[in-house]
Number of protein chains: 2
Amino acid sequence: MPREENIGLVKTQFYTFADPPHEMVLESGEKLGPITLAYETYGDLTPEKDNAILITHALSGDAHVAGTHRVDDRKPGWWDAMVGPGKAFDTDKYFVICSNVLGGCRGSTGPSSINPATDAPYGIDFPLVTIGDMVRAQKELIASLGIDILLSVAGGSMGGMQALDWAIRFPDALKSVIIVASTHLSGAQQIAFDAVGRNAIRADSNFQSGAYYGGPGPAKGLSVARMLAHITYLSDESMRAKFGRDFRATDAPQYDLESEYAVETYLDYQGKQFVERFDANSYLYITKAMDYFDVGAGHESLDQALSGLLAKVLIVSFSSDWLYPPYQSEEIVYALARERKNVSYCAVQSDYGHDAFLLEIDTLSRLVGGFVHHVACPSAAAAPGVQPTASAEEQRDESAGYTSMVELVKPHSRVLDVGCGSGKLLAKLVEERQIVGMGLERSQAPLVTAVHSGLSVIHADIDEGLAAFPDNCFDYATLSMTFQVIEHPRLVLKELVRVANKCILSFPNFAHWSVRSQVFFEGISPITKGLPYSWDTTPNRHFFSIKDFRKFCRQLDIRIEKEIPMGSHPLTHLWPNVFAKDALYVVSAMNR
Amino acid sequence: MPREENIGLVKTQFYTFADPPHEMVLESGEKLGPITLAYETYGDLTPEKDNAILITHALSGDAHVAGTHRVDDRKPGWWDAMVGPGKAFDTDKYFVICSNVLGGCRGSTGPSSINPATDAPYGIDFPLVTIGDMVRAQKELIASLGIDILLSVAGGSMGGMQALDWAIRFPDALKSVIIVASTHLSGAQQIAFDAVGRNAIRADSNFQSGAYYGGPGPAKGLSVARMLAHITYLSDESMRAKFGRDFRATDAPQYDLESEYAVETYLDYQGKQFVERFDANSYLYITKAMDYFDVGAGHESLDQALSGLLAKVLIVSFSSDWLYPPYQSEEIVYALARERKNVSYCAVQSDYGHDAFLLEIDTLSRLVGGFVHHVACPSAAAAPGVQPTASAEEQRDESAGYTSMVELVKPHSRVLDVGCGSGKLLAKLVEERQIVGMGLERSQAPLVTAVHSGLSVIHADIDEGLAAFPDNCFDYATLSMTFQVIEHPRLVLKELVRVANKCILSFPNFAHWSVRSQVFFEGISPITKGLPYSWDTTPNRHFFSIKDFRKFCRQLDIRIEKEIPMGSHPLTHLWPNVFAKDALYVVSAMNR
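Just so we're clear, the structure is a prediction, and the values are computed from it rather than from any experiment.

(A) View of the relation of the copies chain B and chain A. Mapping chain B onto chain A calls for a rotation angle of 180 degrees and an axial translation of 0.0 Å; the resulting RMSD is 0.1 Å. In symmetry terms, the pair is related by a two-fold rotation axis. Residue by residue, 100% of the interface of chain B is reproduced at the interface of chain A, so both copies engage with the same surface.

(B) Region of the structure containing empty space enclosed by the protein. Counted under the stated rule, the structure contains 7 cavities of 30 Å³ or more. Its boundaries defined by the atoms lining it, the largest cavity holds a volume of some 260 Å³. Surrounding the largest cavity, 25 residues form its lining, Phe510(A), Ser525(A), Phe543(A), Phe510(B) and Phe543(B) being those nearest its centre. Here the residues of the lining of the largest cavity are counted per class, giving 14 nonpolar, 9 polar and 2 charged.

(C) A look at the pattern of salt bridges. Scanning the entire structure with this criterion turns up 47 salt bridges over all chains. For the salt bridge of Glu258(A) with Arg202(B), the shortest nitrogen-to-oxygen distance reads 2.9 Å. With Glu258(A) in the loop between helix H5 (236-242) and helix H6 (262-277) and Arg202(B) in helix H3 (residues 188-203), the pair connects residues from two separate chains. When the shortest N-O distance is used, the salt bridge between Asp461(B) and Arg442(B) registers 3.8 Å. Residue Asp461(B) is found in the loop between strand E17 (457-459) and strand E18 (474-479), and its partner Arg442(B) is found in the loop between strand E16 (436-441) and helix H15 (444-452); the two are separated by 19 residues along the sequence. Each of Glu27(A), Asp165(A) and Arg169(A) takes part in one network of salt bridges that share partners.

(D) Representation of the interface of chain B and chain A. In this complex, chain B contributes 84 residues to the contact, which on the side of chain A involves 84 residues. Summed over both partners, the interface of chain B with chain A comes to about 7400 Å²; 62% of that surface belongs to carbon and sulfur atoms. Looking only at chain B, the three residues that lose the most surface to chain A are Tyr255(B), Leu257(B) and Trp535(B), adding up to 12% of its buried area. Where chain B meets chain A, there are 10 salt bridges. With a closest N to O distance of 2.6 Å, Asp536(B) and Arg490(A) form a salt bridge. Our enumeration of links across chain B and chain A arrives at 45 residue pairs in polar contact (both at pLDDT 80 or more). Among the elements of the structure, H3, helix H4 (219-233), helix H5 (236-242), helix H6 (262-277), helix H7 (280-292), helix H16 (489-499), helix H17 (513-522) and helix H18 (546-555) of chain B are those that each provide at least two residues to the side of chain B that touches chain A.

Rules of the game
- Residues numbered from 1 in each chain as written.
- Chains lettered and ligands numbered in written order.
- Predicted model: local features only at pLDDT ≥ 70, side-chain atom pairs only at ≥ 80, totals over all residues.
- Heavy atoms only, no water.
- Least-squares fit on C-alpha atoms with pLDDT ≥ 70 in both.
- Contact = heavy atoms within 4.5 Å.
- 1 Å grid on protein atoms, 1.4 Å probe; cavity = no way out; pocket = protein on both sides within 12 Å on 5 of 7 lines; lining within 4 Å.
- Points joined across faces, edges and corners; volume = space filled by probe spheres on them.
- Nonpolar A, V, L, I, M, F, W, Y, C, P; charged D, E, K, R; others polar.
- Salt bridge = Lys/Arg side-chain N within 4 Å of Asp/Glu carboxyl O.
- Helix = DSSP H or I, 4+ residues; strand = E, 2+ residues; numbered from the N terminus.
- Buried area = accessible area lost by both parts, 1.4 Å probe.
- Polar contact = N/O pair within 3.5 Å; in protein donor to acceptor, adjacent residues only side chain to side chain.

This is the structure:
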């Protein structure tokens, strides 16, 4: 295993640009300058300047992503578990940059900065900024470092918004993008929570129309905003586990109006802490930028907005994240898939809510580390430390079907492998047929392995449909010993021959002589080489023979292009429905 | 169909009690008096005073549940759709009462009332009240009306808390209780949202330590609290559908800090409206009462807290309610089931979030209307307007199994019917064997029918387990043609013989001669009278014969007490595994 260390002492740096009269023109049309961005870097830039990764931060984050500023710092940077020697963003290999956003209050130009026109803080005279403005400012910083092409732009939450904006706005300037616990737009509920936070700040009598610098400032209002936001970062599950109905100090109600439950004290603390490090006006401006975020706006569709994107994409969501729910990530994933982009997606099972992007480090490291490694070294074999995890199906019937399936696929075609497990068939297809492949897998463990090894795989359950894919999206769909496990075979096969020109699938033959004789002579549910499970534990959901499948295809107007009976019996090809253990088919839609 | 009408003009009434020196002693130990409760009544009380229903309201509700106060009222009472002639709470039959809670600000004594000790409003000198205090005050009101036993106490949200408290506190005083979108305790997330709301109010400089009467009052803070709460009453789905990213007035961002999205304007409006009708101190006190709510506190367990309850219980939750999620209702349901109480439960599929209890009127009316009808007339046949909806299983194989099953059940026993559909077998068992029955059903439509017709049925998926039930909870568990549909038969059967002394189950015999010959001679997946579905559309998940089932029971240490081969063939009993179409078993655990 590679060593994992903390990066040690780091220092914030500053870059200033857009000096008048060369101000930056914001999306609103307003001009802003000079602009300073606070940033930190970790690791060394290669002489070729080809190993740089930009990390973008969330609403309340800053440039300090890893390491410590002083030896006695209690806490390291906000994504320290992900950035450092031997970590997912391995600073032994990569040059990692993180900058505080435009509009922020942690060293970058924002509402608390001095307005050169008045020599006083901007306050709410600061122009509104957007995620796009933040990204354009970052681009200036990256250019000033002499970097033309980033290996990756990666971020969680609002950082994911910036990463996505980067990939769309500067498609040539990055090789990959990593979007974690984020979205392509702010929805009504997200805007609503932000709006309540802003209302709390502006309701504070110390807000003074934003001109509170020098005075006490809207600490109570900002604290309320932060407390509310903090609830949305956790989950019901994690709050129950962490706080339950515990009292702070006593065993019984005190019957007064003060905070008495542990969760109240915790929120009070979060609010108080935040007020000490964050500017209320920045909170207004940054939440507003998030609310404006909608990459599909001004385009015909999200798909069209993403059509020019060139980067390899990794998207990660978390099951209990109700602030940026998985479905929002999935909308990006399927739009990218429709546009034939290289995209991988994992919906990580987690109880931590939105904060999971800071806490599910093991899974995130495997996904991100392998993904970035393969972006940096596209020809690399599986990334270091990979232990391929074969799914049950793969273990059972690997040799039989894969070689025959691979032989049926034309070189350089586009293949969708359904139920791809850890990607063995996909990898074989890539190696032997140079295909452009995408896998679908519903189990997290093999999926993570597949993504880690550089394959494009989407976390999805085929039974929930392929409606997100347009017609003829792929040359082939492959299902190796998966069709009998599917709940809705009728719907799924129809969909597969719609989205792919041909579907190659294999399944165990239920009319094999060994099955027939067990049922007929013994009167039992069969257990054979092809159907090795007992009736009560089988993962197979449907049992059908070659004859059944032929009839099924006729009913569905599906053309059987090839039928390849599989098995070692000498009569396999003469009487397939009796002697074939398994069957391999190439089918397509009749109406093509 | 019965006529459904609005109740017309109604008037709020007032009842005052606890005059000094006979003050009410609150749960906190403080004394309070005099206490006035505002209340309204609808319909007529019978001379026997046996048709009264108490409806309890939510946080921001009041006594005005139905009808209008003035002919030109824009809006009727808050549950007008449920209360009136021909409605679920049918005022042609029932005498409906609703009172504003203690601590409220809509006519009942609360922080805005005059403190007789000072002749000024109480403000935060008002003593803290609990849900229990609210209920005890309501009991005084009910007693003053001469009512000893209520037909039902029913409420949603905080109203559900009061209803549950009623059933526990005064078990003899009510025949039934209806708890909608509620909980048995406030969890960490619920307390957290309440705490943020209270912080917003107290952060307002006009709060003046609660002594704001006569002044402007903490309108901004209360408005923020209401806006936040309002988000929790909706769902992500309903907000997306209602607002999306629509702007209020324009097509594009205005790049200023004002509300510009439709959802912001909506929340602004909700906040503003609320401030006009609600007292901020009451908001503090009532949310605090909700936070204190935990019926299990002070007891060994929730089960023990519910052990003395006598009322028939109906619990309803809503799938998208994330403020009072279904799992909280289910905790009450299973605690009641363990205590052998008569309980029915439906988790209504809805996109409306917590507000569904005000909006899913059709489903709620069927559930509540039928339930109350059968409480009022326990011997009644199915309630008026019932169209029994048989499940697929019931339609398929009704005659065959039911009669034989019923014959196997001893009179007056306790029966759990798994996959009960609309309750035909249960009804037959009740009628012919006078059993105490409970059904489990996972589909909403047949479940609603079963509850409507007065049966005790719980919305549950048997594959998610029976872990909530203790050993020997039932005399029998019955599964009519359900076992082959279950995903985890091993787990489920083990559980069934644990929770019930005997399990009576029937299934189609996979080794019937017609199955054998189709598999052997035709080489197809069988379609027979017993197994009538084609392989690709069958709801059956497992295929097994009488021989398979015998072996299965041996492996699981399950005793076969009776094996009844079913079918018309003369050799059915001689060679069951060849000639029985179906099989009926009585099994039990070996280790009893």
